[in-house]
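# Results of the structural survey
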Amino acid sequence: MTNNPLSVPEYRGRFAPSPTGALHFGSLITAVCSYLEVKSHNGKWLVRIENLDKQREIPAASHEILRSLEILGMEWDHEVIYQDHRKDTYANILTILNKHGLTYPCTCTRKEIADSSITGISGLIYSGTCRNNVENKDRPGAVRIKTDNSIIEFEDTLQGLISQRLESETGDFILRRSDGIYAYQLAVVADDAAQGITNVVRGADLLDSTPRQIYLQRLLGYSTPTYMHLPVVVNNQGKKLSKQTKAALLNVSNPVKQLIEAVNFLGQEPPIELLGNNVSSFWKWAIENWHPEKIHKKRAVPFSTKLRLND
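A few points on the structure. (Residues numbered from 1 in each chain as written. Predicted model: local features only at pLDDT ≥ 70, side-chain atom pairs only at ≥ 80, totals over all residues. Heavy atoms only, no water.)

## Let's talk about the packing of helix H8 (residues 255-265) against helix H9 (residues 279-288)
- For the pair H8 and H9, interaxial distance at closest approach is 9 Å and the crossing angle is 20°. Judged by the angle between their axes, H8 and H9 are roughly parallel. The handedness of the crossing between H8 and H9 comes out as right-handed. Contacts between H8 and H9 involve Pro255, Val256, Leu259, Ile260 and Val263 from the first element and Val279, Phe282 and Trp283 from the second.
- Classifying every residue of the contact of H8 with H9 gives eight nonpolar, no polar and no charged. (Axes fitted to C-alpha atoms, helices over the stretch in contact; angles between N-to-C directions. Helix = DSSP H or I, 4+ residues; strand = E, 2+ residues; numbered from the N terminus. Parallel < 35°, antiparallel > 145°, perpendicular 65-115°, else oblique. Left-handed = near helix turned anticlockwise from the far one by under 90°. Contact = heavy atoms within 4.5 Å. Nonpolar A, V, L, I, M, F, W, Y, C, P; charged D, E, K, R; others polar.)

In structure tokens, the structure reads:
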């Protein structure tokens with residue numbers, strides 16, 4: 001395990017959508033905020049397509065997402081990375097962790113886990129049933145990482161101090177599923193490190209999983225980015241906007257209107273005159289007038305609570 005070289009890093013952020021469908025307003029919020037954070041710091045904005053689970057991927061969704069970003073005037077600074085091209089990297093990381101005795105195969109069924117677990121902050125807490133398992137090629141199972149009960153803390157830019165004890169609050173978590181698909185926790189840590197990401201902007205639905213990622217970063221000698229977890233956009237029933245909740249797809253035929261609605265949701269105060277401007281003019285105003293301290297400091301905010309335009 002090697003440490004990153006000591007240096008003052010360039011500000012680097014990213015937008016990492018999953019190609020399970022076109023962009024909707026919730027994903028636009030993350031994209032816009034991450035873009036403004038980067039550009040207001042003269043940094044680099046990167047795009048990563050998180051497409052490890054091919055069964056959930058919709059054909060042409062990646063192309064549609066990138067096309068929408070272009071229409072919205074959001075320019076990425078380096079080549080787009082696709083997670084399904086990086087499986088060798090994830091496998092190498094698993095090999096490193098295994099050599100240090102930090103992983104083990106888990107052959108528990110969902111029912112066995114449910115029967116032997118209690119519910120924690122983000123689901124069932126795995127009880128460690130398979131911790132003493134040795135690799136069995138005839139029954140490979142999932143791969144879990146051994147956790148401990150030391151406190152992992154970080155200061156989220158919006159949500160404040162977050163503290164967790166992994167072993168007692170989440171349990172040993174999966175790095176590779178039994179079907180061979182690498183887990184989000186592993187892939188996001190590997191990819192953020194590879195892309196030199198210094199600042200992560202994403203939804204608060206991922207807040208409770210961040211200590212797991214910090215744990216992996218420390219084991220692997222990676223730097224920990226600064227995190228900003230935005231309020232999740234929810235519908236009137238309190239459910240996150242998503243394909244599953246039938247969120248309306250983003251209409252980019254009027255990109256400036258969509259962008260203005262996004263910065264409204266983020267607590268900014270765009271003048272009504274912006275509606276008559278082009279995308280370039282919008283971004284010039286938005287970057288020059290970006291005030292992240294105005295963002296709602298909640299984990300979820302209904303779409304209906306958008307702020308009105310300044311008159």
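## A short note on the sheet that holds strand E7 (residues 142-145)
- Pairing is antiparallel in the open sheet, where three strands are placed in the order E4-E7-E10. Looking at the sheet topology across the chains shown, the edges are occupied by strand E4 (103-106) and strand E10 (174-176). Neighbouring strand axes in the sheet, compared pairwise and without regard to direction, differ in orientation by 40° on average.
- With four bridges joining them, E4 and E7 adopt antiparallel strand pairing. Following the sheet pairing, Pro105 is matched in E7 by Val143.
- Of the strands in this sheet, E4, E7 and E10 touch helix H3 (residues 87-99), which is tilted by about 130° from E10. (Pairing = 2+ DSSP bridges.)

## Observations regarding the pattern of salt bridges
- In total, this model carries 17 salt bridges according to the counting rule given.
- The closest approach of N and O atoms between Arg299 and Asp208, which form a salt bridge, is 3.3 Å. Note that Arg299 is positioned in the loop between H9 and strand E14 (300-302) and Asp208 in the loop between strand E11 (199-203) and helix H7 (210-220), a separation of 91 residues in sequence.
- Since its relative accessible area comes to 18%, Asp208 is described here as buried.
- Salt-bridge contacts for Lys284 lead to Glu288; the nearest nitrogen and oxygen are separated by 3.0 Å. Highlighted residues: Lys284 and Glu288, both in helix H9, separated by four residues, approximately one helical turn. (Salt bridge = Lys/Arg side-chain N within 4 Å of Asp/Glu carboxyl O. Buried < 20%, exposed > 50% of the residue type's maximum accessible area, 1.4 Å probe, protein only.)

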